[in-house]
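Each chain, letter by letter, is given below.
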Amino acid sequence: MMSMQQSYSDLLTAIGEDLQRPGLKDTPARAAKAFHYLTSGYQANLLDVTNDAVFPSDNREMVLVKNIEFYSLCEHHLLPFHGRVHIAYLPEGKVLGLSKFARITEMFARRLQIQENLTQQIAEAILEVTGARGAAVMIDSAHMCMMMRGVAKQQSTTRTICLLGEMKSNEQARREFLAAIPESYH
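Residues numbered from 1 in each chain as written. Predicted model: local features only at pLDDT ≥ 70, side-chain atom pairs only at ≥ 80, totals over all residues. Heavy atoms only, no water.

Q: I keep staring at the environment of Thr105 and nothing clicks. Help me out?
A: Of note, Thr105 is situated in helix H4 (residues 99-109). Separated by 87 residues in the primary sequence, Thr105 and Asp18 have C-alpha atoms spaced 38 Å apart. If sequence neighbours within four positions are ignored, Thr105 has contacts with Ile68, Phe70, Val85, Ile87, Leu118 and Ile122. (Helix = DSSP H or I, 4+ residues; strand = E, 2+ residues; numbered from the N terminus. Contact = heavy atoms within 4.5 Å.)

Q: What is the right way to look at the pattern of salt bridges in this model?
A: Close approach of charged atoms allows side chains with opposite charge to pair. All chains considered together, the criterion is met by seven salt bridges. A salt bridge links Glu17 to Arg21; its shortest N-O distance comes to 2.9 Å. Relative accessible area serves as the criterion here: at 36%, Arg21 is assigned to the partly exposed category. In this structure, the salt-bridge partner of Arg84 is Glu69, at a minimum N-O distance of 3.6 Å. Here Arg84, found in strand E3 (residues 80-90), pairs with Glu69, found in strand E2 (residues 63-74); they are 15 residues apart in sequence, far enough to count as distant. (Salt bridge = Lys/Arg side-chain N within 4 Å of Asp/Glu carboxyl O. Buried < 20%, exposed > 50% of the residue type's maximum accessible area, 1.4 Å probe, protein only.)

Q: Would you mind showing me how to read the sheet that holds E3 here?
A: Strand pairing in a sheet takes place through backbone hydrogen bonds and is either antiparallel or parallel in direction. Taken in spatial order, the five strands of this open sheet run E5-E2-E3-E6-E7, and their pairing is mixed. If you trace the sheet from one side to the other, it starts and ends with strand E5 (112-113) and strand E7 (158-165), each paired once. Examined bridge by bridge, E3 and strand E6 (residues 134-143) share ten bridges and lie antiparallel to one another. The residue bridging Val85 from the neighbouring strand is Ile139, located in E6. Relative to the sheet, helix H8 (residues 171-180) contacts E2, E3, E6 and E7, its axis offset from that of E6 by approximately 30°. (Pairing = 2+ DSSP bridges. Axes fitted to C-alpha atoms, helices over the stretch in contact; angles between N-to-C directions.)

Read these as layout, nothing more, since geometry by itself doesn't imply function.
Laid out in structure tokens, this is it:
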């Protein structure tokens, strides 16, 4: 953590700031602590996050958890992107505790990311943990790297979708999933 704190000190000095002024005196330490938290997903793993919350079930119908909010950092600019994740799966003898969908999302979102990979990582994790027949993940988000810099488009959002197994091959399941998701998270 000390090297991260030093890096923030160096960064602030490089832009011409005075680290001794009252508003910045503790900023390198606070920023290092915040960045450590924002990237805490690197210290998490799927086994610990799901914590044996996989239960036997005869249900074979789609399970859908919608509107899981998330915050992540773009790996290209280290700027935030945030939005909503929608996750569905087709159980095969096991179901996952509902809170674990949010925990899986958080684990991957708390890493430097691009939305396309985040979508796929969540879907693959759901399949791995549950042994489901199929999984689907859709993410709608807003990217500060598009809003605060570059093209500066304030209303733009990005939607990514990952369909695996029967969620990809079964047209009825795919249609059911897509029809259940709202148009936008805004």
